[in-house]
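# Commentary on secondary and tertiary structure
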Amino acid sequence: MKRIFFISIIGLALFSGACSKKNNPAAEQYQKAEELYRQGDYARAKVAIDSIAKIDPRAFDEIRAGMQLMRRVDLSINERNLAYVDSLLPIRQAFQKDLLSKFKLQKDEKYQEEGNYVFKKDRNAGSVNRSCLRIQVTVDGQMQLMSVYSGATKLNHESVKVELPDGTFALTSVIPYDGANNYRFVNAGNTTEVVTYKGKQMRSVADLVYNSNGAKIKVSYEGKRPFSFIMDNNTREAISASYELALVMSEIKQLQREKAIATKTIEILKKQIADHEHDSLDKKS
């Protein structure tokens, strides 16, 4: 009788253990997260892992396992991102090389260390003796627009407006006179004014020109006196080509930054995963 009673107790204990495993919501949630990970559904896997501790804050084994699974998820995400960047980067670099063939590197040896890319066909490049818009791209991929005025009377202009026939317009930032980015001089009774707008200061103007689809563009210098002219095709082409070059240079820089981050993150995650597995083995032994 005692033996029968003892066997019954063992059976009850095993049954209870089986039930507790079967009815362990935290363990079930972990299994769900692992399945999502195997399916490559990393976003939902992350959400499932985060839910383990919410379901049962005392499920320490499952929470620890979830942390390791999260590292594996992050590793897979970064490996996928790195593969994408590695496939796209050479394509964009080839496009940049093709674009650069249409440009020349201008450098003032006295004042510049790196120089700027200038569209080869741009007849306005370097001009200060006639009113025009000049465009260049730095070796770092920043667009720079220069509004040049040459005339008998002063404008004291500080910004540029470009406008389409339908009234759509864009403005540069206002660049106050500083003798550097905004400078003026008089020679033989003729006034010359040059204002330089960099990056975001002129981006909206370049956007409008690039997307104008050949529509007539009115250029107005905003200053003490009104002054305007119609943009010629040479200037439109130079700005559009410079826009594309700056865009692809910026994209390549971003891809290279993402590659560096993903590579370093992968290195860190692999070490963390290996360290965790090593610690787990030590605890078991």
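All residue numbers refer to positions counted from 1 along the written sequence of the respective chain. Per-residue local features are limited, in this predicted model, to residues with pLDDT of at least 70; the limit for side-chain atom pairs, both in listing and counting, is 80 or more; totals at the level of whole chains, interfaces and linings are taken over all residues. As a convention, hydrogens and water are excluded, and side-chain values are obtained from all of the structure's heavy atoms.

## Here's the deal with unusual backbone geometry
Just so we agree on the cut-off: Runs of H or I in DSSP of at least four residues are treated as helices and runs of E of at least two as strands, each being numbered from the N terminus. Residue exposure (1.4 Å probe, protein chains only): buried if accessible area is under 20% of the type maximum, exposed if over 50%, otherwise partly exposed.
With a phi close to 55°, Ala188 is a non-glycine residue in the positive phi region. With respect to the helices, strands and loops of the structure, Ala188 is situated in the loop between strand S7 (182–187) and strand S8 (190–198). With a phi angle near 55°, Asn213 is a residue other than glycine that sits in the positive phi range. Tracing the chain through its elements places Asn213 in the loop between helix H5 (203–210) and strand S9 (218–222). A relative accessible area of 76% means that Asn213 is categorised as exposed.

## So, the confidence of the model for the protein
Note the following rule: Per-residue confidence from the predictor is given as pLDDT, running between 0 and 100. Here, two residues are considered to be in contact whenever any of their heavy atoms come within 4.5 Å of each other.
Within the protein, residue pLDDT values average 91, and 89% of them lie at 70 or more. Across residues 1–21, confidence stays below pLDDT 50; counting only partners more than four residues off in sequence or on other chains, it has zero contacts.

## Quick word on the side chain of Gln96
Tracing the sequence through the fold places Gln96 in helix H4 (residues 60–100). Contacts of Gln96, omitting those with residues within four sequence positions, involve Leu245, Val248, Met249 and Ile252.

## Points about the environment of Asp41
How we decide: Polar contact is defined as a pair of N or O atoms within 3.5 Å, subject to the rule that within protein one atom must be able to donate a hydrogen and the other to accept it, and that residues adjacent in sequence are counted only when both atoms are side-chain atoms.
In this structure, Asp41 sits in the loop between helix H2 (25–39) and helix H3 (42–55). Residues Asp41 and Val73 lie 32 residues apart in sequence; the distance between their C-alpha atoms is 9.3 Å. At a separation of 3.3 Å, a polar atom in the side chain of Asp41 contacts the side chain of Arg44.

## Focus: the sheet that holds strand S10 (residues 227–230)
Counted only if it meets this: Between any two strands, pairing holds if DSSP finds at least two bridges. Here an axis means a line fitted to C-alpha atoms, over the contact stretch when the element is a helix, while the angle between two N-to-C directions is reported on a 0 to 180 degree scale.
Taken in spatial order, the four strands make up an open sheet running S6-S5-S9-S10, and their pairing is antiparallel. Unpaired on one side and paired on the other, strand S6 (169–171) and S10 mark the two borders of the sheet. Between one strand axis and the next, the sheet turns through 20° on average, direction left out of account. Sheet topology places strand S5 (residues 159–163) next to S9; five bridges connect them, and they run antiparallel. Its bridge partner being in S9, Ser159 is matched across the sheet by Glu222. Of the strands in this sheet, S5 and S6 touch H5, which is tilted by about 150° from S6.

## Some remarks on the sheet that holds strand S2 (residues 116–119)
If you trace the six strands from one edge of the open sheet to the other, you get S1-S2-S3-S4-S8-S7, paired in antiparallel fashion. The sheet is open, and its two edges are formed by strand S1 (103–106) and S7, each paired on a single side. Here the average twist between neighbouring strands, direction ignored, is 30°. Bridge analysis of S2 against strand S3 (residues 132–138) gives two bridges, and the strand direction is antiparallel.

## What to know about the packing of aromatic side chains
This is how it is decided: Stacked, tilted and edge-to-face pairs are distinguished by plane angle, under 30 degrees for stacked and over 60 for edge-to-face with tilted covering the rest, among Phe, Tyr and Trp rings (Trp via its six-membered ring) whose centres lie within 6.5 Å. Over a ring means this: the NZ of a Lys or the CZ of an Arg is within 6 Å of the ring centre and within 35 degrees of the ring normal.
As enumerated under the stated definition, the model contains eight aromatic pairs in all. Where Tyr183 meets Phe185, the ring centres are 6.4 Å apart and the plane angle is 10°; that geometry is what we call stacked. Note on Phe185: relative accessible area 33%, which makes it partly exposed. Judged by centre distance (5.5 Å) and plane angle (45°), the rings of Tyr221 and Phe227 are tilted. Three or more aromatic residues joined by ring pairs form one cluster here, namely Tyr149, Tyr221, Phe227 and Phe229. Sitting over the face of the ring of Phe169, Lys161 holds its NZ or CZ atom 4.8 Å from the ring centroid.

## Digging into the nonpolar core
Put simply, the rule is: Throughout this description, the term nonpolar core refers to a set of buried Ala, Val, Leu, Ile, Met, Phe, Trp, Tyr and Cys residues connected via side-chain atoms within 4.5 Å.
In this structure, Leu145, Val162, Met231 and Leu245 are the most contacted members of the largest nonpolar core, which totals 40 residues. Tallying contributions element by element places helix H6 (residues 233–284) first for this core, with ten residues. When residues no more than four places from it in sequence are discounted, the contact partners of Val162 are Thr168, Phe169, Ala170, Val205, Leu208, Ile217, Lys218, Val219 and Met231. Judged by nonpolar contacts, the second largest core, of 15 residues, contains Leu36, Ala48, Leu69 and Val73.

## Section: the packing of H3 against H4
How two helices sit against one another is set out by the angle between their axes and by the gap between those axes. Stated precisely, the cut-off is as follows: To sort the angles, those under 35 degrees are grouped as roughly parallel, those over 145 as roughly antiparallel, those from 65 to 115 as roughly perpendicular, and the leftovers as oblique. With the far helix as reference, a near helix turned anticlockwise by less than a right angle produces a left-handed crossing, and one turned clockwise produces a right-handed crossing.
Contact pair H3 / H4: the axes reach a minimum separation of 9 Å and the direction vectors enclose 160°. Between H3 and H4, the angle is such that the two are roughly antiparallel. Two packed elements cross with a definite hand, and for H3 against H4 that hand is left-handed. Across from Tyr42, Ala45, Lys46, Ile49, Asp50, Ile52 and Ala53 in H3, the residues of H4 making contact are Glu62, Ile63, Gly66, Leu69, Met70, Val73, Asp74, Ser76, Ile77 and Arg80.

## Observations concerning the pairing of S7
With six bridges joining them, S7 and S8 adopt antiparallel strand pairing. When the bridges of S8 are listed, Arg184 appears paired with Glu193. Adjacent in sequence and paired antiparallel, S7 and S8 are bridged by two residues, among which Ala188 carries a positive phi angle near 55°.

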